[in-house]
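Structural overview for review
One-letter residues, chain by chain:
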Amino acid sequence: MTEAAFGGSAEKISPEEVGLRYEVDGEIATITLDRPEKRNAQTFATWAALADIGDHLPQQVRIVVVRGEGPSFSAGIDLRMFTPEGVPGQGSFASSATLDSSTFEQRVAQAQRGFLWLRRPDIVSVAAVQGHAIGAGFQLALACDLRILADDARLCMKEPALGLVPDLTGTKPLVDLVGLSRAVEICLTARTVGAEEAARIGLAELVVTRDELDGAVRDLTAALLATDRDAATATKRLLQGASGRSLEEQCAAEAREQAARVKARFS
Ligand code: ACO
């Protein structure tokens, strides 16, 4: 089954500015950044559409694949945001600078909604990254549970070099994955991390050739789908909570989840 792209708020936004394709095939949803001629640059419309997909994800979906059309996964925020004219209908950084702090922070929180749902325990999200993943592109890959990289992948947290901070949910997963020191080094130098290094420092689960990327995503998806859904959800919930709990608290959480599992499975 293939579903039409966007309901709710995203309906009002021109498809060109959204730059996404969205398909559901049984238990697998695929979101494709689809503005390859602009290297899949993202706008507020893209993030509203992502949030909308999360809000309306069919219940049967267990895997969400996030991929990019063309040579790059995503070149990050649309650079028109840095111009006085901005992105038609969506403003610019200059116009955002006139907003009061609370309104501005609400706008950022809205954009972040597009990324946050990808960590939901009842799904597994997989980013398939080729070419450049810069700024918002890198953060979108970081928002996913797992990352498979083509060997030409090039990751860059460019925001600090542009006088900004990464604010699309990427700083926490980056620190969780590579540690504070490496995250500081990557962000404050805004350097490019290649695929081989990304795998070595924990930013990627797997690196394959560009030709193998789709096949690798299919293989991983099949392996993930072979696991019982409720057990997978409960296990992901446990793992996600682990770093915020003491060993004792985590043991108690394991016992709680297992009690529910055993009841569901054996009574
Ligand atoms: N926003 C809008 N348009 C973009 C963006 C972007 N972020 N990135 C690329 N494009 C456009 C280019 O303007 C060009 O358009 P044109 O053909 O109409 O001139 C087209 O995409 C192709 O770009 P090239 O630079 O020719 O493509 P190439 O493959 O050689 O380079 C690369 C790709 C490295 C991604 C380069 O385009 C680039 O550095 N882009 C800007 C990256 C950036 O600074 N992003 C902001 C990060 S901060 C944040 O996301 C919050």
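What you are looking at is a predicted structure, and each value in this text was computed from that prediction instead of being measured.

**So, a nonpolar patch on the surface**
- A cluster of nonpolar side chains, namely Leu79, Phe82, Leu162 and Leu164, defines an oily patch on the protein surface of about 350 Å² accessible area.
- As for its position among the elements, leucine 162 is in the loop between strand S7 (154-156) and helix H6 (171-178).
- Overall, leucine 162 belongs to the partly exposed group, its relative accessible area being 40%.

**Some remarks on the environment of leucine 50**
- By the element assignment, leucine 50 lies in helix H2 (residues 44-55).
- Those residues within four positions of leucine 50 in sequence are excluded, and the remaining contacts are Leu20, Ile31, Gly114, Trp117 and Leu140.

**Examining the nonpolar core**
- Formed by 51 residues in total, the largest nonpolar core has its most connected members in Leu57, Val64, Val129, Leu155, Leu174 and Leu203.
- With sequence-adjacent residues up to four places away left out, leucine 155 is seen in contact with Val129, Ala133, Phe138, Leu149, Arg191, Thr192, Val193, Ala198 and Leu203.

**Details of the pairing of strand S3 (residues 63-68)**
- Burial analysis of S3 places five of its six residues in the buried class, the great majority of the element.
- Sheet topology note: the strand S2 (residues 28-33)/S3 ladder contains six bridges and is parallel. In the strand pairing of S3, leucine 33 is matched with glycine 68.
- Direction of pairing for S3 relative to strand S4 (residues 124-129): parallel, over a ladder of five bridges. Counterpart to valine 66 in the pairing with S4 is alanine 127.

**Examining the sheet that holds strand S9 (residues 206-208)**
- Here six strands make up an open sheet; going across it, the order is S1-S2-S3-S4-S6-S9 and the pairing mixed. The outermost strands of the open sheet, each flanked by one partner alone, are strand S1 (20-25) and S9. Strand-to-strand, the axes of this sheet are offset by a mean angle of 20 degrees, without reference to chain direction.
- The sheet contact formed by S4 and strand S6 (residues 146-150) spans four bridges and is parallel.

**As for the packing of H2 against helix H4 (residues 101-116)**
- Two elements in contact, H2 and H4, have axes whose closest approach is 7 Å; the angle formed by their N-to-C orientations is 55 degrees. As summarised for this structure, H2 and H4 are arranged oblique, according to the angle between their axes. Helix-helix and strand crossings are classified by hand; for H2 and H4 the assignment is left-handed. Along its contact with H2, which presents Phe44, Trp47, Leu50, Ala51 and Asp55, the element H4 presents Arg107, Ala111, Arg113, Gly114 and Phe115.
- In terms of residue class, the contact of H2 with H4 is made up of six nonpolar, one polar and three charged.

Conventions adopted
Residues numbered from 1 in each chain as written. Predicted model: local features only at pLDDT ≥ 70, side-chain atom pairs only at ≥ 80, totals over all residues. Heavy atoms only, no water. Patch = residues over 30% accessible without salt bridge, like charges linked within 9 Å, V, L, I, M, F, W, Y side chains within 5 Å. Areas by Shrake-Rupley, 256 points an atom, 1.4 Å probe, with all protein chains shown as cover. Salt bridge = Lys/Arg side-chain N within 4 Å of Asp/Glu carboxyl O. Helix = DSSP H or I, 4+ residues; strand = E, 2+ residues; numbered from the N terminus. Buried < 20%, exposed > 50% of the residue type's maximum accessible area, 1.4 Å probe, protein only. Contact = heavy atoms within 4.5 Å. Core = buried A, V, L, I, M, F, W, Y, C linked by side-chain atoms within 4.5 Å. Pairing = 2+ DSSP bridges. Axes fitted to C-alpha atoms, helices over the stretch in contact; angles between N-to-C directions. Parallel < 35°, antiparallel > 145°, perpendicular 65-115°, else oblique. Left-handed = near helix turned anticlockwise from the far one by under 90°. Nonpolar A, V, L, I, M, F, W, Y, C, P; charged D, E, K, R; others polar.

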